[in-house]
Amino acid sequence: MATQPTAVLRGFSSMAARFSVLGVVGAGQMGSGIAQVAATASLDVILSDVDQRALDRGMQTIKASLTKFVTKGTLGQEEAEKIMKRVQTTTTLEDFHSADVVIEAVAENEALKRRIFSELDKIVAKEAILASNTSSISITRIAAATQRPERVIGMHFMNPVPLMKLVEIVRGIATDDAVFEDTKQLAHWLGKTVCCSKDYPGFIVNRVLMPMINEAFYALYEGVASAQDIDLGMKLGTNQPMGPLTLADFIGLDTCLAIMRVLHDGLGDSKYRPCPLLVQYVDAGWLGKKVGKGVYNYSKL
């Protein structure tokens with residue numbers, strides 16, 4: 001783990017005993033990444049998913065990621081093995097009874113998230129914090145599914161979690177000040193830089209990013225240019241690490257569409273309407289790199 005600033009260490013030291021066990025709901029790309037960074041920060045982690053196969057894939061993802069760090073020489077093999085041992089898996093939320101904080105990282109589906117938070121509310125200790133990794137859905141509405149809305153907060157990690165430094169912290173209307181401060185300290189302890197957003201659709205990052213991706217789809221839909229030229233223009237013309245269509249494939253076109261619908265429904269402005277081509281790709285099951293086909297074909301890679 002990278003050395004933490006002295007002020008952060010002082011702030012977190014008083015919380016260390018209380019935040020020793022971190023739960024993660026969802027063992028997909030985001031959930032496994034969050035579990036990895038928490039275990040790397042010496043926290044005991046409980047990783048949950050309803051599907052044992054998803055848990056197995058999640059643990060393999062963590063192992064593969066740590067192996068890359070070992071190969072690069074930024075992490076020792078012995079430490080990598082210790083990190084793996086800090087992550088325990090389960091298929092039931094009941095095992096979160098000992099968690100000090102639980103981060104939900106399931107699909108961008110409000111009904112699903114509300115159901116999970118309602119269940120967690122009955123399981124975890126009353127002083128535990130419930131956080132959502134949602135990238136666009138109202139924290140206030142998620143919190144309303146619990147009897148502790150003051151202890152619910154948004155903690156939006158960027159993908160891939162082990163590499164990206166940013167965490168968006170989002171306060172619901174009822175989030176307690178102490179919970180807000182503790183969550184920021186926790187993010188810092190995990191080696192992340194924090195930006196804070198009010199609870200509006202899309203928050204900061206996706207409020208700006210997703211309309212750009214959506215507009216790239218419109219440019220492709222209207223025949224302005226090929227996907228390759230759109231990506232090349234944005235990559236070299238605006239100094240981005242990858243073009244918007246490549247990024248959309250990496251994020252998942254279903255996730256991009258879900259966020260655009262949250263923006264459109266929540267803000268009511270026609271400029272957020274999802275591009276018909278994006279909708280069609282999702283309808284076809286072309287969800288991006290995770291399934292081998294999106295804007296681009298990855299099946300031969």
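Residues numbered from 1 in each chain as written. Predicted model: local features only at pLDDT ≥ 70, side-chain atom pairs only at ≥ 80, totals over all residues. Heavy atoms only, no water.

**Re the overall build of the protein**
Then, in step 1: Of the regular secondary structure elements, the protein holds twelve helices and eight strands.
Then, in step 2: Compactness check: the protein gives a C-alpha radius of gyration of 19 Å against a globular reference of 19 Å for 301 residues, within 12% of the reference.
Then, in step 3: Dimensions along the principal axes, computed over C-alpha positions, put the protein at roughly 55 × 45 × 40 Å.
Then, in step 4: Expressed as a percentage of its 301 residues, the buried residues of the protein come to 50%.
Then, in step 5: Within the protein, contacts between residues separated by at least 24 positions form 67% of all contacts whose residues are at least 6 apart in sequence.
Then, in step 6: As presented, the protein carries roughly 14,300 Å² of accessible surface, and 54% of it is formed by carbon and sulfur atoms. (Helix = DSSP H or I, 4+ residues; strand = E, 2+ residues; numbered from the N terminus. Rg over C-alpha atoms; globule rule 2.2 N^0.38 Å. Buried < 20%, exposed > 50% of the residue type's maximum accessible area, 1.4 Å probe, protein only. Contact = heavy atoms within 4.5 Å. Areas by Shrake-Rupley, 256 points an atom, 1.4 Å probe, with all protein chains shown as cover.)

**Overview of the domain arrangement of the protein**
Then, in step 1: What the domain assignment reports for the protein is domain 1 (5-198) and domain 2 (206-289).
Then, in step 2: Of note, the centres of domain 1 and domain 2, computed from C-alpha atoms alone, are 27 Å apart.
Then, in step 3: Listed per partner, the contact involves eight residues of domain 1 and five residues of domain 2.
Then, in step 4: Both faces considered, domain 1 and domain 2 share a buried interface measuring about 540 Å² in area, 58% of it formed by carbon and sulfur atoms.
Then, in step 5: Summed over the three residues of domain 1 that lose the most area to domain 2, namely Glu108, Ser135 and Ser136, the buried surface amounts to 56% of that side.
Then, in step 6: Taken together, the links from domain 1 to domain 2 amount to zero salt bridges. (Domains from an automatic or database assignment. Buried area = accessible area lost by both parts, 1.4 Å probe. Salt bridge = Lys/Arg side-chain N within 4 Å of Asp/Glu carboxyl O.)

**A short note on the packing of helix H8 (residues 205-221) against helix H11 (residues 253-267)**
Then, in step 1: At a closest axis distance of 10 Å, the pairing of H8 and H11 adopts a crossing angle of 110°. Here H8 is positioned roughly perpendicular relative to H11, judged by the angle of their axes. Here the hand of the crossing between H8 and H11 comes out left-handed. Seen from H8, the contacting residues are Asn206, Arg207, Met210, Pro211, Ile213, Asn214 and Phe217; seen from H11, they are Leu253, Cys256, Ile259, Met260, Leu263 and Leu267.
Then, in step 2: For the contact of H8 with H11, a count of residues per class yields ten nonpolar, two polar and one charged. (Axes fitted to C-alpha atoms, helices over the stretch in contact; angles between N-to-C directions. Parallel < 35°, antiparallel > 145°, perpendicular 65-115°, else oblique. Left-handed = near helix turned anticlockwise from the far one by under 90°. Nonpolar A, V, L, I, M, F, W, Y, C, P; charged D, E, K, R; others polar.)

**Here we look at the pairing of strand S4 (residues 101-104)**
Then, in step 1: Of the two faces of S4, the one carrying Val101 and Ile103 and the one carrying Val102 and Glu104 are both buried.
Then, in step 2: With four bridges joining them, strand S1 (residues 21-25) and S4 adopt parallel strand pairing. Paired with Val25 across the two strands is Glu104, which belongs to S4.
Then, in step 3: Strand direction decides the pairing type here: S4 and strand S5 (residues 129-132), joined by four bridges, are parallel. Its bridge partner being in S5, Val101 is matched across the sheet by Ile129.
Then, in step 4: Read from S4 through helix H5 (residues 110-123) to S5, the crossover connection turns out right-handed. (Pairing = 2+ DSSP bridges. Right-handed = clockwise from strand over helix to strand, strands pointing away.)

**Focus: unusual backbone geometry**
Then, in step 1: The omega torsion across Asn159 and Pro160 is 0°, close enough to zero to call that bond cis.
Then, in step 2: Residues other than glycine seldom take positive phi values, yet Phe203 does so here, at roughly 55°.
Then, in step 3: Mapping Phe203 onto the fold places it in the loop between strand S8 (193-197) and H8.
Then, in step 4: Of note, the phi angle at Asn239 is positive, near 60°, even though the residue is not glycine.
Then, in step 5: The class for Asn239 is exposed, based on a relative accessible area of 72%.

**Describing the UniProt feature "site: Important for catalytic activity" (unreviewed entry) in the protein**
Then, in step 1: Mapped onto this numbering, the UniProt entry annotates "site: Important for catalytic activity" (unreviewed entry) at His156.
Then, in step 2: One can find His156 in strand S6 (residues 152-157).
Then, in step 3: If we skip the residues at most four places from it in the chain, His156 touches Ser132, Asn133, Thr134, Ser135, Leu166, Val167, Glu168 and Asn206.
Then, in step 4: A polar contact of 2.7 Å, which involves the side chain of His156, links it to the side chain of Glu168. (UniProt positions renumbered as here; feature names shortened; annotations may be inferred. Polar contact = N/O pair within 3.5 Å; in protein donor to acceptor, adjacent residues only side chain to side chain.)

**Section: the UniProt feature "binding site: CoA" (unreviewed entry) in the protein**
Then, in step 1: When the UniProt feature table is mapped onto this chain, "binding site: CoA" (unreviewed entry) is found at Ser65, Lys72 and Ser135. Across 71 residues, the annotated set is spatially dispersed, with a maximum C-alpha separation of 30.6 Å.
Then, in step 2: Its location among the elements puts Ser65 in helix H3 (residues 52-72).
Then, in step 3: By relative accessible area, which is 17% here, Ser65 ends up buried.
Then, in step 4: Excluding residues that lie within four positions of it along the chain, Ser65 makes contacts with Gln36 and Pro162.
Then, in step 5: Looking at the secondary structure, you find Ser135 in the loop between S5 and helix H6 (139-143).
Then, in step 6: Judged by its relative accessible area of 7%, Ser135 falls in the buried class.

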